[in-house]
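A structural walkthrough
Here's the letter readout for the chains.
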Amino acid sequence: MRSLGVLYRRELGMAWGRGGGPLLACAFFACIAALLPLAIGPSPERLAAVASGSAWLALALSSLLSLERLFERDFEDGALDLIALGPASLETVSAVKCLAQWTANGLPLSIMAPVVATALGAPLSLAVITFATALIGGLGFAFVGGTGAALALGARRGGVLVAVVVLPLLAPPVIFGAGAIEAYAAGMGWQAGFAFLAAYCLAAMGLSPFAMAAAVRNALS
Amino acid sequence: MITRLTIENLSLSRGERVLFDALSFAVSAGEAVALTGRNGAGKTSLLRAVAGFIRPAAGRIAFEGAAGELEPEDARAAGLHLLGHQDGLKPGRTAGEELRFQALWAGGDEASIAEAVKALQLEPLLGLEVRKLSAGQRRRTALARLIAAPRPLWLLDEPLAPLDADRRAGLGLLMERHLADGGLILAAVHDLLPIPARAIEIGGGA
Amino acid sequence: MFGLANPQRFMDATRRLPAVLGVVAGLLLAAGVWLSFTAPPDYQQGETVRIMFIHVPAAWMSLFVYVCLGGSAFFGVVFRHALADAAARAAAPLGAGFTALALATGSLWGRPMWGTWWVNDARLVSVLILFLFYLGYMALQASIDDEQKAARASGVLALVGLVNVPIVHFSVNWWNSLHQDASVFRIGGPTISWPILAPLLVMALGYTVLFLALWIVRIRTEVTRRRALSLALKAAGAA
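These numbers come from a predicted model, not from an experiment.

1. Describing the packing of helix α3 (residues 95-105) of chain B against helix α5 (residues 135-148) of chain B
Residue and element names in this part refer to chain B. Two elements in contact, α3 and α5, have axes whose closest approach is 9 Å; the angle formed by their N-to-C orientations is 35°. Handedness of the crossing formed by α3 with α5: right-handed. Note on element contacts: α5 touches α3 through T141, A142, A144, R145 and A148, opposite A95, L99, Q102 and A103. Considering only residue class, the contact of α3 with α5 consists of 6 nonpolar, 2 polar and 1 charged.

As structure tokens, then:
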């Protein structure tokens, strides 16, 4: 347990260290939100209709941005060897890395999400559910995206590859998250979408560490 | 912990290429073995196979403790250090932070970290970012985890390469002390180790 | 070395199989096409219903091939079976091909039926995501240089996909029910009459046999390619 704490603090330190990963992801998020009205047109009604959905899409892309280097940097400089020879299994290590990724990036992004959605014209009453879905969805993004990042270890063109591999897998959380917000906005039952989102993220947390560990072992061999 | 490493009839291959075939030897407590052989003969692969990263094509790698044979996973998770070509240090973090992480992760504590800092004279480096260090200084920072987290089996891949003559002698002293405490050293080398070691040549041909 | 014992047995056993299966597939497809054109035109859709006989079996195949791919990947990853890796690798472009065919014919069919090339219907979207997934699989395989590592990494991805394909399908259905759109046409209704069903089944069988024939050819090619590579490396080592 103590050593997992050490690993978690290191991952957080690296995410927050020079280069300011979370700030960069938030800035990327804001850039998409700024470009969106330019692409769709400034009409408030049209923007408001797509505000929550667009915020969710931008969230998925921004989460992906910072995930790419999750395993790659440790693989390149040999630190992954050292980590693999530590007291915890690679499954646990992968889960801790994804959790740290979520704390460092998912949390700031989910605070940004209602701000961006409101700026685009979503009603303020949606802020809480936007934050909640983004927070939980971010957990799913971190674990599914981490799987993509681990699989792309040692590949040429890692970054684009991670996006191509991971984005199709992100369809369910995007559907459930944006669906829950939309249902809430329409005054319908939002609980179903929210529950599906939570279930997806729990399943991702339970299963993807095994895929990540298998991918890391393969890359190290 | 590990008192003997036994390698029996080991063959390793990379992709389609067989590196070596039917290699057998053992390393006992207090003994250093130097692996020699030309480039590409499989020295690094052998070290990585002992560390459990490469699955042997045939043969066995066994770790024995005082009470008989050990589970390979347990032996690897707590009983060996692998120091490869790369130092595993993050350029953007300070040498002190990186040393602390490496040592704590591998099972060391504050006292052993302080001891390692003294043994490798790292005090002036601790506050510097790794990117500011020379290759030799990085290597010393990486070597510190051998002392900071005591584990019996050291797998060293060209440990001397970036070090100057004085530092090599210093590392020799640390190795001697490790052997005297019942440690085992398996090192891939081009240059001679600064301590008496049994040499084993790997791979006659491809 | 790849364990050549099993691939050798496979190569011996399948020497004539592709030719036989190819002929059977050709006969079935010819019969299917003939049945398709003799089937009565649909009272609602007229002649365009005949696109269905190309389209629906292709959509079935896109899933069937994925199951074959995932199954092979499972044996490759869990039992480290070299032939299974080759089989998974060989299946991917075929699956992508069938999926692309399903999407293209679906779009051609959609133009006269829905008045548009693309409708964001649950079925279409989940087939599109499946197609993207095939592309991701092939991209991952192609961008790792070490072949064994590439096989294992893409095998793990295929397993991840095997878990995800039903979830994606379910989520897209859920999404579609949220945006229920009356203009979307649903195939056939409760019953499909025999003259329509017969060509559909014959075509589906023909597609399956064709896939098996092509798959075996591709696996054989893959095994041969690896042998050639191994011989070339040996020759390079001896020189």
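2. Remarks on the nonpolar core
Note on soluble globular proteins: their nonpolar side chains tend to be buried together. Of all hydrophobic cores here, the largest spans 155 residues; its most connected members are L5, F25, L46, V50 and L186 of chain B. In terms of nonpolar packing, the next biggest core, distinct from the first, is built from 43 residues, A116, L122, L125 and V189 of chain B among them.

3. Regarding the packing of aromatic side chains
Counted under the stated rule, the structure contains 18 aromatic pairs over all chains. Taking the centre distance of 5.7 Å and the plane angle of 70° together, the rings of W56 of chain A and F141 of chain A count as edge-to-face. One end of the pair, W56 of chain A, is in helix α3 (residues 44-67); the other, F141 of chain A, is in helix α7 (residues 127-151), with 85 residues separating them in the sequence. A single burial state applies to W56 of chain A and to F141 of chain A, both of which are buried. Pairing F176 of chain A with F170 of chain C gives two aromatic rings, centres 6.3 Å apart and planes at 50°, and the pair type is tilted.

4. Comments concerning the packing of α3 of chain A against helix α6 (residues 90-120) of chain A
All names here are of chain A. Between α3 and α6, whose axes approach to 9 Å, the crossing angle comes to 160°. Judged by the inter-axis angle, α3 sits roughly antiparallel to α6. Pair α3 / α6 crosses with right-handed handedness. Each of L47, A48, A51, S54, A55, L59, S62, S63, S66 and L67 in α3 lies in contact with α6, whose residues at this interface are Q101, N105, L109, A113, V116, A117 and L120.

5. Here's the deal with the confidence of the model for chain C
All names here are of chain C. Per-residue confidence for chain C averages 83 on the pLDDT scale, and 89% of its residues sit at or above 70. Of all secondary-structure elements in chain C, the lowest mean pLDDT belongs to helix α1 (residues 5-13), at 77, while helix α3 (residues 51-79) reaches the highest, 90. Considering only residues more than four positions removed or in separate chains, one finds that residues 1-5, a stretch of pLDDT under 50, has 9 contacts. Confidence drops under pLDDT 50 across residues 181-185; counting only partners more than four residues distant or on other chains, this segment forms 6 contacts. Both scores are given for the predicted complex: the pTM is 0.87, the ipTM 0.88.

6. Side note on the sheet that holds strand β2 (residues 17-28) of chain B
Think of a sheet as strands paired side by side through backbone hydrogen bonds, with each pair either parallel or antiparallel. Residue and element names in this part refer to chain B. The antiparallel open sheet is built from 4 strands, whose spatial order is β2-β1-β4-β5. Either end of the sheet is taken by a strand with one partner, and the two such strands are β2 and β5 (68-69). Relative to β5, strand β4 (residues 58-65) runs antiparallel, the two being bridged by 2 bridges. By the bridge assignment, G65 is partnered in β5 with G68.

7. Let's talk about the interface of chain C and chain A
Taken residue by residue, the interface counts 28 residues in chain C and 30 residues in chain A. Between chain C and chain A, a total of about 2400 Å² is buried, with carbon and sulfur atoms accounting for 74% of that surface. Summed over the shared surface of chain C and chain A, the number is 0 salt bridges. Applying the counting criterion to the chain C and chain A interface returns 3 residue pairs in polar contact (both at pLDDT 80 or more). Among the secondary structure elements, those contributing two or more residues to the side of chain C that touches chain A are α5 (122-143) and α6 (147-178) of chain C. The greatest single-element share of the side of chain C that touches chain A, amounting to 17 residues, is contributed by α6 of chain C. Within the side of chain C that touches chain A, the residues separate by chemical class into 19 nonpolar, 6 polar and 3 charged.

8. As for helix α2 (residues 72-79) of chain B
Residues and elements named next belong to chain B. Along α2, the residues classified as buried are A75, R76 and G79. Buried residues of α2 fall within an arc of 105° about the axis and therefore sit on the same side. The exposed residues of α2 that point more than 90 degrees off its buried face are E73 and D74. Elements that come into contact with the buried residues of α2 comprise β1 (2-14), α1 (43-50), β4, β6 (80-83) and β7 (153-157).

9. Concerning the environment of L163 of chain B
Inspection of the secondary structure puts L163 of chain B in the loop between β7 and α6 (165-180). The spatial distance from the C-alpha of L163 of chain B to the C-alpha of G108 of chain B is 24 Å, given a sequence separation of 55 residues.

10. Examining the pairing of β4 of chain B
All names here are of chain B. In this structure, β1 lies alongside β4, joined through 7 bridges in antiparallel fashion. Along β4, the bridge assignment pairs E8 with R60. The loop that links β4 with its antiparallel partner β5 comprises 2 residues.

11. Some points on the pairing of β2 of chain B
Residues and elements named next belong to chain B. Here β1 runs beside β2; their pairing, made up of 8 bridges, is antiparallel. Residue R4 lies in a different strand from β2, and its bridge partner there is S28. The turn linking β1 back onto β2 is made up of 2 residues, and G15 within it adopts a positive phi angle of 60°.

The rules we used
The residue numbering used here restarts from 1 in each chain and proceeds along that chain's sequence as written. A letter from A marks each chain and a number from 1 marks each ligand, given out in the order of writing. Local features in a predicted model are, by the rule used here, given only for residues with pLDDT of at least 70; side-chain atom pairs are given and counted only at 80 or more, and totals for whole chains, interfaces and linings are based on all residues. Computation of side-chain values covers all heavy atoms of the structure but excludes hydrogens and water. Fitted lines through C-alpha atoms serve as axes, helices being fitted only where they are in contact, and the angles separating the N-to-C directions of these axes extend from 0 to 180 degrees. By definition, any uninterrupted DSSP run of H or I lasting at least four residues is a helix, any uninterrupted run of E lasting at least two residues is a strand, and each is numbered from the N terminus. Working rule for handedness: look at the near helix, and if it is turned counterclockwise from the far one by less than a right angle, call the crossing left-handed; if clockwise, right-handed. What makes two residues a contact is simply this: any of their non-hydrogen atoms within 4.5 Å. Three classes are used, and their members are as follows: Ala, Val, Leu, Ile, Met, Phe, Trp, Tyr, Cys and Pro are nonpolar, Asp, Glu, Lys and Arg are charged, and the others, Gly among them, are polar. Throughout this description, the term nonpolar core refers to a set of buried Ala, Val, Leu, Ile, Met, Phe, Trp, Tyr and Cys residues connected via side-chain atoms within 4.5 Å. When accessible area is computed with a 1.4 Å probe and restricted to protein chains, residues below 20% of their type maximum are described as buried, those above 50% as exposed, and intermediate ones as partly exposed. Centre distance within 6.5 Å is the pairing criterion for rings of Phe, Tyr and Trp, where only the six-membered ring of Trp is used; planes under 30 degrees apart are then read as stacked, over 60 as edge-to-face, and the remainder as tilted. If an angle is under 35 degrees, it is roughly parallel; if it is over 145, roughly antiparallel; if it lies from 65 to 115, roughly perpendicular; otherwise it is oblique. A score from 0 to 100, pLDDT tells how confident the predictor is in each residue. DSSP-based pairing: two strands are paired if at least 2 bridges between them are found. Buried area: the sum, over both parts, of the accessible surface (1.4 Å probe) that disappears when the two are put together. Any Lys or Arg side-chain nitrogen located within 4 Å of an Asp or Glu carboxyl oxygen qualifies as a salt bridge. Polar contacts here mean pairs of N or O atoms no more than 3.5 Å apart (in protein, one a potential hydrogen donor and the other a potential acceptor; neighbouring residues in sequence count only if both atoms are side-chain atoms). To be clear, the arc concerns the directions from the helix axis to the C-beta atoms.

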